[in-house]
Amino acid sequence: MVVAEISGNHGGSLEAALDLVRAAAGAGAHAVKLQTYRPETMTTRSERPDHRLPLDHPLWPGRTLWELYEEAHTPISWHGPIFALADELGIDCFSAPFDSTAVELLESLDAPAYKIASSELVDLPLVRTAAETGKPVILSTAMASLAEIDAAVRAVRSTGNNDVAVLTCAPGYPADPAALNLRSIPVLADALGVPVGLSDHTVGIGPAVAAVALGAVIIEKHVTLSREDGPIDSAFSLTPPELADLVTSTYAAWLALGDPAAGAPADKDVPGRRYRRSLRVTEPVRPGDPVTTHNVRSLRPAGGLGPHEFELVVGRTFTSAAEPGDPLTWDLL
């Protein structure tokens, strides 16, 4: 499942937000995701140092949290049109709520699932509020310890809702691929007994494809109409053609997983097996002629005795005539 995260890449334009939904659907994504909050449900308007990003931040140096959330938020009034368009296009639309009022709004829109953002993972009352809807809950886990992730999963299950998934995620925007630790995917799946995916803030699609090979069943990736326009999250987002590439590449990776068994089954008609080498007659022979390295060789296609059986037949005599290209079988000897 590929989820296209719109986040603040609408750049303050409802029409751009709707275009992002259209682009996600056109690229083959399975769902689009919003973030449902108002600046005042995220933080306070403050100039305190702890409310400001560091001056060396790669994307938003020195900006206050309030400024970021004011620019990036998706207005409440836009949710209805966005959900309606997604429904019209046949693509799921859900959101990450950041307080209980957001859950109430999303329930009124019949949101099919809820995402809990990494920084809200420790807000267990919010986690339970989302879980109490009975809808699937997806937990993002950047910065979290295994104990904190387990507590959030237990919070979901405490409501009687067992439809929970976990997304591994690295902190930072953009994220460093080396910080993803994708090998944690099967570990989390075994430890928690839940489906596991990747919320990917790196540049490109390589880590997401690798995650599928390690068992990820959900891939979340930000999408932008164009990185050149410079919306707030565009630097680490995919353009629509790149999103389409992600969809096809992750699906190919999933198809390639196969079964945990080595080798092709001997009792199945495996494509290409008919062109394997076998022992073939290479010059005209008559009854009584001996099998030699000159008149029998290992050649394509299959149909004759196996090449490994040459030592068993060399020196034996032919009982029937054979022509070049005939498969060497025991009936000829």
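A quick note: this is a predicted structure, and the numbers were derived from the prediction, not measured. (Residues numbered from 1 in each chain as written. Predicted model: local features only at pLDDT ≥ 70, side-chain atom pairs only at ≥ 80, totals over all residues. Heavy atoms only, no water.)

## What about the pairing of strand β5 (residues 137-140)?
Move 1: Residue alternation in β5 divides its side chains into two sets, Val137 and Leu139 and Ile138 and Ser140, and both sets are buried.
Move 2: For strand β4 (residues 114-116) and β5, the ladder comprises three bridges, and the chain directions are parallel. Across the sheet, isoleucine 116 pairs through a bridge with leucine 139, a residue of β5.
Move 3: Handedness of the β-α-β unit built from β4, helix α6 (residues 124-131) and β5 comes out right-handed.
Move 4: Regarding topology, helix α7 (residues 146-157) serves as the crossover connection from β5 to the parallel strand β6 (residues 164-169), and that connection is right-handed. (Buried < 20%, exposed > 50% of the residue type's maximum accessible area, 1.4 Å probe, protein only. Helix = DSSP H or I, 4+ residues; strand = E, 2+ residues; numbered from the N terminus. Pairing = 2+ DSSP bridges. Right-handed = clockwise from strand over helix to strand, strands pointing away.)

## Points about the packing of aromatic side chains
Move 1: All told, the structure shown has three aromatic pairs when counted by the stated rule.
Move 2: Ring geometry for tyrosine 173 and phenylalanine 236: centres 5.2 Å apart, planes at 45°, overall tilted. Residue tyrosine 173 is found in the loop between β6 and α8 (184-192), and its partner phenylalanine 236 is found in the loop between β8 (219-222) and α10 (240-256); the two are separated by 63 residues along the sequence.
Move 3: Judged by its relative accessible area of 1%, phenylalanine 236 is buried.
Move 4: Ring geometry for tyrosine 251 and tryptophan 254: centres 5.8 Å apart, planes at 25°, overall stacked. Residue tyrosine 251 and its partner tryptophan 254 are located together in helix α10, separated by three residues, close to a single helical turn. (Phe/Tyr/Trp six-rings, centres within 6.5 Å; stacked < 30°, edge-to-face > 60°.)

## Remarks on the packing of helix α1 (residues 14-27) against α10
Move 1: Taken N-terminus to C-terminus, the directions of α1 and α10 make an angle of 35°; their axes are 8 Å apart at the nearest point. α10 is crossed by α1, and the crossing has right-handed handedness. Contacts between α1 and α10 involve Ala23, Ala24 and Ala27 from the former and Pro240, Leu243, Ala244 and Val247 from the latter.
Move 2: In terms of residue class, the contact of α1 with α10 is built from seven nonpolar, no polar and no charged. (Axes fitted to C-alpha atoms, helices over the stretch in contact; angles between N-to-C directions. Left-handed = near helix turned anticlockwise from the far one by under 90°. Contact = heavy atoms within 4.5 Å. Nonpolar A, V, L, I, M, F, W, Y, C, P; charged D, E, K, R; others polar.)

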